[in-house]
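# Commentary on secondary and tertiary structure
These are the residues of each chain, in order.
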Amino acid sequence: MSENVQRFTDQRTTEYTRKNEKTESSEDVRCPECNGQLATDTEHGETVCRDCGLVVQEDEIDHGPEWRAFNSNEKDKKSRVGAPTTEMMHDKGLSTNIGWQDKDAYGKSLSSRQRQKMQRLRTWNERFRTRDSKERNLKQALGEVDRMASALGLPDNVRETASVIYRRALGDDLLPGRSIEGVATAALYAAARQAGTPRSLDELANVSRVEKDEIARTYRYIVRELKLEIKPADPGSYVPRFASDLDLSDESERRARTLLETAKAEGIHSGKSPVGLAAAAVYAASLLTNEKVTQSEVSEVANISEVTIRNRYHELLEAEENVQVQ
């Protein structure tokens, strides 16, 4: 035991001596012009001479934090270690996750006894991560949000917003009498509309485990109770996605936007489905730019009936003709 203590003491002494030698050598560095003392300007990332002002080194790497603190309380509050927290996980990503691979740090397979031990650790770790019914509810709901967002191609900011909306609904006790999947789908629908990347109720219903009517009913309830500010869906926000799925040119996309702006100016968009208007505008624009797209192809992409596309298509062209006549 005494030999181990002596070895540890010698090692710490050697490290301390090397550190002091490095510090002394860095302090002994002088200005190459006037042999004056150097100073480090952390604000500008430069090393300058105190006497003649010569810039000896510039664009130095700042190894400190990217945040600023003006007192000890702010410093303790802002200081952090590890990955940033996220609302998309029920524990905000703060707990430990044990991987499923039965391998050690060197990539070697574990023995049978070690595999049993790791499986037991995973079980207990999962139990500690979801200790009560509220956390289990949140874990299931956020998993549904992530699954549906992936199927719909929604970005991370929409998933984050949907997670926050669901947490608010759970905190305000809005879930009794409603399914977890229904509230999660309604939160994702609201988040997509807030972010300007809306998806139709039919698209949500296709990837969700609940019916369209329940999604709409739950969405209205959540918006009312949480007082969410959501603007009416703009048909123009659907155009880029439809045009991309149909491989249309930028000219067709611009033409579709022009048709929708004309329709809005004429007031024919009131009371009409924004998805149907967007699909009809894309179809009409493809014809005006001589790009062959059938109504069935647009119907499949927009998940709208061909009858709706034909009706809205004629209305859009009539509105443009009226504007040209005037």
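Above this text is the structure in question.
Quick summary incoming for the structure in this document. Computed from a predicted model, the values in this text were never measured in an experiment.

Turning our attention to the state of the cysteines. Under the criterion given, the structure shown has zero disulfides. There is no disulfide at C31, and the cysteine sulfur nearest it, in C49, is 3.7 Å away.

All right, on to the packing of helix α10 (residues 250-266) against helix α11 (residues 274-288) then. As a packed pair, α10 and α11 sit with axes 8 Å apart at the nearest point and diverge in direction by 125 degrees. Taken as axis vectors, α10 and α11 run oblique relative to one another. As for how α10 packs across α11, the hand of that crossing is right-handed. In this structure, α10 uses S252, R255, A256, L259 and L260 to contact α11, whose residues at the interface are L277, A278, A281, V282, A284, A285, S286 and L288. Of the residues assigned to the contact of α10 with α11, the class counts are ten nonpolar, two polar and one charged.

To continue, consider empty space enclosed by the protein. Scanning the entire structure with this criterion turns up one cavity of 30 Å³ or more. In this structure, the largest cavity occupies an estimated 30 Å³ of space. Lining of the largest cavity is provided by P235, L260, A263, K264, H269 and L277. For the lining of the largest cavity, the per-class residue count stands at four nonpolar, one polar and one charged.

Consecutive side chains of a regular strand alternate in pointing toward one face of the sheet and then the other. Burial along strand β2 (residues 46-49) is one-sided: the face carrying T47 and C49 is buried and the face carrying E46 and V48 is not. Here strand β1 (residues 38-41) pairs with β2 via four bridges, running antiparallel. Bridged to L38 within β2 is C49. The hairpin formed by β2 and strand β3 (residues 55-57) contains five residues between the paired strands, and G53 there has a positive phi angle of roughly 80 degrees.

Another aspect to go through is α10. The first and last C-alpha atoms of α10 sit 25 Å apart over 17 residues, in line with the 24 Å expected at 1.5 Å per residue. Of the residues making up α10, those classed as buried are S252, A256, L259, L260, T262 and A263. Seen end-on, α10 carries its buried residues on one side only, within an arc spanning 160 degrees. Within α10, the exposed residues directed more than 90 degrees away from the buried face are D250, R254, E261 and A265. Just past α10, the residue G267 takes up positive phi, approximately 80 degrees.

Conventions we followed
- Residues numbered from 1 in each chain as written.
- Predicted model: local features only at pLDDT ≥ 70, side-chain atom pairs only at ≥ 80, totals over all residues.
- Heavy atoms only, no water.
- Disulfide = S-S within 2.5 Å.
- Axes fitted to C-alpha atoms, helices over the stretch in contact; angles between N-to-C directions.
- Helix = DSSP H or I, 4+ residues; strand = E, 2+ residues; numbered from the N terminus.
- Parallel < 35°, antiparallel > 145°, perpendicular 65-115°, else oblique.
- Left-handed = near helix turned anticlockwise from the far one by under 90°.
- Contact = heavy atoms within 4.5 Å.
- Nonpolar A, V, L, I, M, F, W, Y, C, P; charged D, E, K, R; others polar.
- 1 Å grid on protein atoms, 1.4 Å probe; cavity = no way out; pocket = protein on both sides within 12 Å on 5 of 7 lines; lining within 4 Å.
- Points joined across faces, edges and corners; volume = space filled by probe spheres on them.
- Buried < 20%, exposed > 50% of the residue type's maximum accessible area, 1.4 Å probe, protein only.
- Pairing = 2+ DSSP bridges.
- Expected span 1.5 Å × (residues − 1).
- Arc of directions from axis to C-beta.

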